[in-house]
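Structural characterization, general
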Amino acid sequence: MPNPITCGHHIAGRWEPTGAREILRANPADTGELVARAPEGGAPEARRAVDGAHAAAEKWRKVIPPERGKVVLRAARLLEDRLEEVATLLTREQGKLLAESRAEVKRAIDIMEYAAGLGRRLGGQTLPAEAPGVFCYTLRQPVGPVALLTPWNFPVAIPCWKIAPALVCGDPVVFKPSPLTPATAVRVVEIFLEAGVPPDVLSLVHGGAAVGTALVDDPRIAGISFTGSTKVGMAINAAAARRMARTQLEMGGKNPQVVLADADLASAVEACITAAFGSTGQRCTATSRAIVEKKAAAEFTDRLIARATALRLGRGDAAGVEMGPVVDNHRLAEVEGFVDRARRDGAEVVAGGGRPQDLANGHFYAATVVRARPEQEIAREEVFGPVLSVIEAADFEQALRIANSVDYGLCASVFTRDIGRALTFVDRIEAGMIHVNRPGLGGFAHFPFGGLKHSSFGAREVGEDTLGFFTDLKSVYIRQE
Ligand code: NAD
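Details of the site of the ligand
Near the ligand there are 28 residues, and of these Thr 150, Lys 176, Ser 229, Met 251 and Glu 382 occur at the shortest range. Here Met 251 contributes a backbone N or O atom positioned 2.8 Å from a nitrogen atom of the ligand. Burial of the ligand by the protein amounts to 87% of the accessible area it has alone, namely 850 Å². The cavity that encloses the ligand is the largest pocket. Only α7 (209-217), β11 (223-227) and α8 (230-242) provide two or more residues apiece to the shell around the ligand. Looking at the shell around the ligand element by element, the count peaks at 3 residues for α7. Looking at the shell around the ligand residue by residue, the class counts come to 15 nonpolar, 10 polar and 3 charged.

Below you can see the structure in the form of structure tokens.
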């Protein structure tokens, strides 16, 4: 068994490995294995990190954007060199399958490459003047220190897709990862520092809400980019609004896959298995509702049950395993609570619905399928685990209504052979990322990532839209004659 990794804060240019209180992180697939110990920070550590970021801001904004981009590109190359090491650590600490960890690290690399290129495209526009003899243009500039608050479910990709554009745009960073993934957070920061980010430009503070709220409330933090639950995101937004700080919030989802009667059912079932149970359902983009037209519902559900029941659970690094554990005991209890309440609500659990007996060492929960009605809690709220609700709809119109009837609007997919209906779905579905005849997950590294309603707020992440968060825009008018 490998030794636990001792993690540290990285504050204002120095590593600080100790703290009065400690975060202990065990392997979710085998809770006897301690993976990491990290100091648990609070408001004092947050304040010192902001001191450092604030002091470094002027220096970093003067580095020309293509140079800032080159540093991020070097970080991408270093992460590529260490892909296997980082993926292995990610699986130990977070629990996902090794293949999923590798895919996550690759995604981080792609996004870093894309963000690095923004260093050469960080321009504004020149536009025609409205009055004679005036030259006018827009200019993008850094906003200043930003706080990046991230969840545990993609602890490499999400930090990288926030840190990389922040740095390229010229903003010093204070990064607060989830307390469930301190070791992967340290690896990410080490790589950026090794690539040449000046030590005082990138700080890392371990801890939970105490660190997060101190950063959100600090008047020297110009913007907060947060990914996590809708409940916390809303509280952050309210606090930030009191001092007019900008926010970029990526939050929960209750993503539908609509299956119409004319669909290729085999491919719809496979997509649903991938999107619902990949990453053990712990994805903001996970499909958690299959809304199936009545004529196809029985066959779709039977095939789905057969596939879900056959999924092999186990350690993420074991051969042949198809689904890993949930992240911790708290998440496991939450998932159990949802399924228990669904049963009491009259929903029918048709696959899974409990902890597998043979995997008692870790936080495992079986791939679960529930036949539900649209108004039931299990069909409306984010479970964030391997639980899929199957909901029957009389026809396409009713399927659309059900799909749009929740507070969330992150991503959605539709399975049909009718191009007209597919386009109507794209037009009317309340979601930010839409797939036709594909699993309803996120998207490509250079496409905007985000949703509607209670799923997202502020500028989209990834893609060029993220510049709207990490830079200020000035309009300039110069009299020429
Ligand atoms: P969470 O909201 O509990 O925590 C997210 C981060 O915020 C963590 O770093 C946490 O320590 C910090 N935090 C907690 N309370 C805070 C407070 N009061 N003030 C400031 N910071 C605080 O979420 P989680 O459990 O880590 O992650 C799961 C959630 O993330 C799910 O709801 C999932 O849908 C969402 N998520 C969304 C996206 C997206 O892009 N839309 C991507 C991944 C995960």
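Points about helix α5 (residues 157-169)
Compared with the 18 Å implied by 1.5 Å per residue over 13 residues, the 18 Å span of α5 between its first and last C-alpha is a close match. Among the 13 residues that make up α5, 13 are buried, leaving the element largely enclosed by the rest of the structure. Looking at the residues trailing α5, positive phi occurs at Gly 170, about 100 degrees.

Focus on empty space enclosed by the protein
Counted under the stated rule, the structure contains 3 cavities of 30 Å³ or more. In this model, the largest cavity occupies a volume close to 80 Å³. The wall of the largest cavity is formed by 15 residues, among which Gly 281, Ala 286, Ser 288, Glu 382 and Phe 384 lie closest to the centre. The residue makeup of the lining of the largest cavity, split by class, is 6 nonpolar, 6 polar and 3 charged.

Points about the packing of aromatic side chains
Counted under the stated rule, the structure contains 5 aromatic pairs. On the numbers, 5.4 Å between centres and 70 degrees between planes, the contact of Trp 152 with Phe 384 is edge-to-face. You can see Trp 152 sitting in the loop between β8 (146-149) and α5 and its partner Phe 384 sitting in the loop between β16 (368-371) and β17 (387-393), a full 232 residues away along the chain. Across the pair, exposure class does not vary: Trp 152 and Phe 384 are buried alike. Judged by centre distance (4.8 Å) and plane angle (85 degrees), the rings of Phe 469 and Phe 470 are edge-to-face. Of the two residues examined, Phe 469 and Phe 470, each falls in the buried class. A cation over an aromatic ring shows up here: Lys 96 above the ring of Phe 154, its NZ or CZ 3.8 Å from the ring centre.

Quick notes on the nonpolar core
Ranked by size, the top nonpolar core spans 71 residues in total, and within it Leu 79 and Phe 192 carry the most contacts. Those residues in contact with Phe 192, other than ones at most four positions away along the chain, are Val 72, Ala 75, Met 112, Cys 160, Ile 163, Ala 164, Leu 167, Val 197 and Leu 202. Ranked by size, the runner-up nonpolar core spans 29 residues in total, among them Ala 379, Val 387, Ala 393 and Leu 400.

Conventions and cut-offs
Residues numbered from 1 in each chain as written. Predicted model: local features only at pLDDT ≥ 70, side-chain atom pairs only at ≥ 80, totals over all residues. Heavy atoms only, no water. Near = heavy atom within 4 Å. Polar contact = N/O pair within 3.5 Å; in protein donor to acceptor, adjacent residues only side chain to side chain. Areas by Shrake-Rupley, 256 points an atom, 1.4 Å probe, with all protein chains shown as cover. 1 Å grid on protein atoms, 1.4 Å probe; cavity = no way out; pocket = protein on both sides within 12 Å on 5 of 7 lines; lining within 4 Å. Sits in = over half its atoms within 2 Å of the grid points. Helix = DSSP H or I, 4+ residues; strand = E, 2+ residues; numbered from the N terminus. Nonpolar A, V, L, I, M, F, W, Y, C, P; charged D, E, K, R; others polar. Expected span 1.5 Å × (residues − 1). Buried < 20%, exposed > 50% of the residue type's maximum accessible area, 1.4 Å probe, protein only. Points joined across faces, edges and corners; volume = space filled by probe spheres on them. Phe/Tyr/Trp six-rings, centres within 6.5 Å; stacked < 30°, edge-to-face > 60°. Lys NZ or Arg CZ within 6 Å of the ring centre and 35° of its normal. Core = buried A, V, L, I, M, F, W, Y, C linked by side-chain atoms within 4.5 Å. Contact = heavy atoms within 4.5 Å.

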